[in-house]
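# Remarks on the overall topology
Chain residues, written in single-letter form:
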Amino acid sequence: MDELAHEIYRFALGRPGCLLNDLLVAVDAPEEAIRHGVGRLLELSLLRQVSGTLVPTRPPLALRTMLQRQQTELLRRQEEFVHIKAAVDRLAEEYEDAQLRGTHTGWERLESPAAVHSRMEHLAGRTTAECLSLLPADANGAEALHARRPIDQHMLERGVLVWNVYLESIYNDRSGLTYARWLTQSGGRVGTTPTLPLWLVVYDRSTALLPVDPQNPTAGAVQVTGAGYLAGLVALFERLCEVMTPLDAPGACEADQPSPLEKELLRLMGQGLTDEAVCKKLGVGLRTVRRMIAELIERLGARSRFEAGARAVERGWLRPCACGGAQPLRAKDAKGDKQPALTSEVLGTRALA
């Protein structure tokens, strides 16, 4: 009640059975405001209309009536809440049943991104201990991050360990880096490696999702279960965790040593990959790869990729393969033709061809 309503009520106390016109004459306020004040008093049952007149009601009686109305409303809302909760529980049961129907023993193919996301929600909702993920660059688009955040947040709130491994190139992706830092601040674990073989999510070490085609993220995914499958996938994750760097960790390399990303670049070039193929592996742009190569050549004091490869081997930055190269033997080599000596020049050629 405002001051005007109080004034109207006091006037009615002194003039029981007054008319609205009496209020319009006696109270110094606009007609619209007076009518609003009278309406509010009638709503609170502090005034009642008797034969067109306004009669004040005893406040305790009026308040008791108002409290009874509110109690009735609260009971109605409580009953409505019970019905809604029961409906949600029924829908949840139907959803679980639908997910279980059609699940193949050991594996199940999910044909579309929508089906993959739906299965992620389902599996995350059942996860109780940990969720392990390998997330290359193509798994960290804005749409994917937006869809994954409520899933990760729900698991974190339930005490589930969420452990993600990203490419080191995530430092060049503002939205991806923001998400990774949010995850660490929320209690998750995050690390980076120079390359990742594929995207992978493992739930409670009992169920995993992995791509049908690592080169085509839209091709769908496969859900796998069973100790044999999961043992290998968990071993892959743990092996990468051994060599990963915690997110935002200070550089631990000596000044004269290449970073893990630079070492991986040298290794990939040593396999004979083109600059474009290296870009896809590292999750960085072509200009970035060529800039890194140029910087390595300068640091090694070389004048060409050939010389840089030789010097990288001499310094121990690039470890040659025991078989003499990453390429398969040619037919004439397999017949016993003489192989070239594994000099630093040869290794340099193979390393940075």
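As the structure is a computational prediction, the values presented were derived from the model and not from experiment.

Parameters at a glance
- Residues numbered from 1 in each chain as written.
- Predicted model: local features only at pLDDT ≥ 70, side-chain atom pairs only at ≥ 80, totals over all residues.
- Heavy atoms only, no water.
- Helix = DSSP H or I, 4+ residues; strand = E, 2+ residues; numbered from the N terminus.
- Contact = heavy atoms within 4.5 Å.
- Areas by Shrake-Rupley, 256 points an atom, 1.4 Å probe, with all protein chains shown as cover.
- Core = buried A, V, L, I, M, F, W, Y, C linked by side-chain atoms within 4.5 Å.
- Buried < 20%, exposed > 50% of the residue type's maximum accessible area, 1.4 Å probe, protein only.
- Pairing = 2+ DSSP bridges.
- Phe/Tyr/Trp six-rings, centres within 6.5 Å; stacked < 30°, edge-to-face > 60°.
- Axes fitted to C-alpha atoms, helices over the stretch in contact; angles between N-to-C directions.
- Parallel < 35°, antiparallel > 145°, perpendicular 65-115°, else oblique.
- Nonpolar A, V, L, I, M, F, W, Y, C, P; charged D, E, K, R; others polar.
- Salt bridge = Lys/Arg side-chain N within 4 Å of Asp/Glu carboxyl O.

Our focus in this paragraph is the overall build of the protein. Helix and strand counts for the protein stand at 14 helices and ten strands. At a minimum sequence separation of 6, the contacts of the protein that also span at least 24 residues come to 65%. Carbon and sulfur atoms form 55% of the exposed surface of the protein, whose accessible area is close to 21,000 Å².

Moving on to the nonpolar core. Core analysis: the biggest nonpolar cluster contains 28 residues, and Met120, Met155, Tyr166, Leu183, Trp199, Tyr203 and Leu209 have the highest contact counts within it. Elements supplying a minimum of two residues to this core: helix 5 (113–126), strand 4 (130–135), helix 6 (142–157), strand 5 (161–167), helix 7 (174–185) and strand 7 (200–203). Element by element, the count of residues in this core is highest for helix 7, at five residues. Contacts of Leu183, omitting those with residues within four sequence positions, involve Asp152, Leu156, Val162, Asn164, Tyr166, Gly188, Arg189 and Val190.

Before going further, it helps to examine the side chain of Ser169. For Ser169, the location among the structural elements is in the loop between strand 5 and helix 7. With residues up to four places along the chain from it excluded, the contact list for Ser169 reads Leu282, Gly283 and Val284.

Right, let's talk about the pairing of strand 9 (residues 221–225) for a bit. Buried residues dominate strand 9, accounting for four of its five residues. As paired elements, strand 3 (residues 107–110) and strand 9 share four bridges and run antiparallel to each other. In the sheet register, Glu108 faces strand 9, and the bridge partner there is Gln223. Relative to strand 9, strand 8 (residues 207–211) runs antiparallel, the two sharing five bridges. Paired with Leu210 across the bridge in strand 9 is Val222.

The next thing to look at is the packing of aromatic side chains. Here the structure, examined in full by the defined rule, presents two aromatic pairs. Measuring from centroid to centroid gives 5.8 Å for Trp163 and Phe237, while their planes differ by 90°, and the two rings are edge-to-face. Separated by 74 residues along the polypeptide, Trp163 in strand 5 and Phe237 in helix 8 (residues 227–243) bring together distant segments of the chain. Phe237 gets classed as buried once you look at its relative accessible area, which sits at 1%. Ring plane angle 50° and centroid distance 5.3 Å describe the contact between Tyr179 and Trp182, whose orientation is recorded as tilted.

Summarising the element assignment, Thr207 is placed in strand 8. Setting aside anything within four residues of it in sequence, one finds Thr207 in contact with Leu123, Val201, Val202, Gln223, Val224, Thr225 and Leu230.

Judged from the four bridges that link them, strand 1 (residues 47–50) and strand 2 (residues 53–56) form a sheet pairing that is antiparallel. Within strand 2, the residue paired with Gln49 across the bridge is Leu54.

The next point concerns unusual backbone geometry. Of note in this structure, Asp204 is not a glycine but carries a positive phi near 50°. Mapped onto the elements of the fold, Asp204 is located in the loop between strand 7 and strand 8. Unusually for a residue other than glycine, Arg205 sits at a positive phi of about 55°. Residue placement: Arg205 occurs in the loop between strand 7 and strand 8.

Relative to each other, helix 9 (residues 260–270) and helix 11 (residues 286–299) sit at 95°, their axes nearing to 11 Å. Judged on the interaxial angle alone, helix 11 and helix 9 are roughly perpendicular. Two secondary-structure elements touch here, helix 9 through Leu261, Glu262, Leu265, Leu266 and Met269 and helix 11 through Val289, Met292, Ile293, Leu296 and Arg299. In terms of residue class, the contact of helix 9 with helix 11 is made up of eight nonpolar, no polar and two charged.

Summed over all chains, the structure comprises 15 salt bridges. A salt bridge links Glu43 to Arg40, with the nearest nitrogen and oxygen atoms 3.2 Å apart. You can see Glu43 and its partner Arg40 sitting in helix 3 (residues 31–43), three residues apart, about one turn around the helix. Take Glu43: its relative accessible area is 49%, and that puts it in the partly exposed class. With its nearest N and O atoms 3.5 Å apart, the salt bridge here joins Arg239 to Glu242. Of this pair, Arg239 and Glu242 are both found in helix 8, three residues apart, which corresponds to roughly one turn of the helix. On the accessibility criterion, Arg239 (47% relative accessible area) is partly exposed.

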